[in-house]
Amino acid sequence: MISCRPKLIITKFLLRYRRNRLRSMDRLVESGITANVLNDAAAAFITTLIKEMGPRAPRLCHRDTESFDYLEDLNILFPKGKFIHIVRDGRATVASKIARYINSNYTSENITDAILTWDEDTTQILEDCEYIVLNPLREIQKVLQFLSLPWDEKLLKYGTDFSRTDQLIHRSSLDSWSKEDSLLSEEYITFMNENSIALKQLGYLTDEIPPNYATICNN
């Protein structure tokens, strides 16, 4: 039904190149490369990469948080595409990105900058990670309705890569950022609580550490 590929890191670089080219199209147009040609080529390139990264399926899913800054561009390239932006408690996000080395802006050498980067980047919400973890059946059904797709019990499982779906959705990562072995010390958690606008706007700031996510999601 749906095949979600591993994160396609190259997408943001291609989208950045396309955006830069569109700002200076004169020489390209002289050689016959119009904006439409550039858009068609970029869309075809991304589509081919996604298709070839895993088994074929009627619907293909491209998950890459780094591409969110190019959401308007992607909407132009894929006018029939549907976009879901999942937001997570910033303290958990920062700790996870640092631990997994998936973004050069998030490092253990400069956790303060990582915190401020997350706060600046988090600007829009369509779905919350905690909602999905705490109420997977309800939230996944909402997503399927948005995508016009039928329910499948397999969706209550997730895999560590595109070939595995043998792990049930679990809650162990929800509050791991607040544990003693977390990369975020009490000092950094306090800093984030005091300086993050997004945490407050999203309702994550409470008197409890970690917050009661069940209460937050039911509000």
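Here the residue index of a chain counts from 1 through its sequence in written order. pLDDT decides what is reported in this predicted model: residues at 70 or higher carry local features, side-chain atom pairs at 80 or more are listed and counted, and totals for whole chains, interfaces and linings draw on all residues regardless. Side-chain calculation: all heavy atoms of the structure are included, whereas hydrogens and water are not.

An unreviewed UniProt entry annotates the protein as Protein-tyrosine sulfotransferase of Schistosoma rodhaini. UniProt positions are given in the numbering used here, feature names are shortened, and annotations may be inferred rather than shown by experiment. Looking at the Catalytic activity (unreviewed entry) heading of the UniProt record, one finds this comment for the protein: "L-tyrosyl-[protein] + 3'-phosphoadenylyl sulfate = O-sulfo-L-tyrosine-[protein] + adenosine 3',5'-bisphosphate + H(+)". UniProt annotates the protein under Sequence similarities (unreviewed entry) with the comment "Belongs to the protein sulfotransferase family."

Chemist: Help me out: how do you make sense of the packing of aromatic side chains in this one?
Modeler: Here a ring pair, both rings aromatic, is described through the centre-centre distance and the interplanar angle of the planes. Classification of ring pairs uses Phe, Tyr and Trp, with its six-membered ring standing for Trp, and accepts pairs whose centres are within 6.5 Å; under 30 degrees between planes counts as stacked, over 60 as edge-to-face, and the remaining range as tilted. Inspection of the entire model under this criterion finds 1 aromatic pair. Ring centres 6.3 Å apart and planes at 75° place the aromatic pair tyrosine 204 and tyrosine 213 in the edge-to-face group. One exposure class covers both tyrosine 204 and tyrosine 213, and it is buried. Over the aromatic face of phenylalanine 146 sits the side chain of lysine 82, whose NZ or CZ is 5.3 Å from the ring centroid. Under the scheme applied here, a residue whose accessible area is under 20% of the maximum for its type counts as buried, over 50% as exposed, and between as partly exposed, the area being computed with a 1.4 Å probe on protein chains only. A ring is scored as having a charge over it whenever the NZ atom of a lysine or the CZ atom of an arginine sits within 6 Å of its centre and within 35 degrees of its normal.

Chemist: I would appreciate a short explanation of helix α8 (residues 136–147) in the present structure.
Modeler: Side chains of residues three or four places apart in an α-helix project in the same direction, reflecting 3.6 residues per turn. Numbering of helices and strands runs from the N terminus; a helix is a DSSP stretch of H or I covering at least four residues, while a strand is a stretch of E covering at least two. Expected span, for any helix, means 1.5 Å times one less than how many residues it has. Given a rise of 1.5 Å per residue, 12 residues ought to cover 16 Å, and the 16 Å separating the end C-alpha atoms of α8 matches this to within 8%. Residues Glu139, Ile140, Val143, Leu144 and Leu147 constitute the buried set of α8. With its buried residues spanning 140° around the axis, α8 presents them on a single face. A positive phi of about 60° marks serine 148, the residue just after α8. Comment: arc refers to directions from the helix axis out to C-beta atoms.

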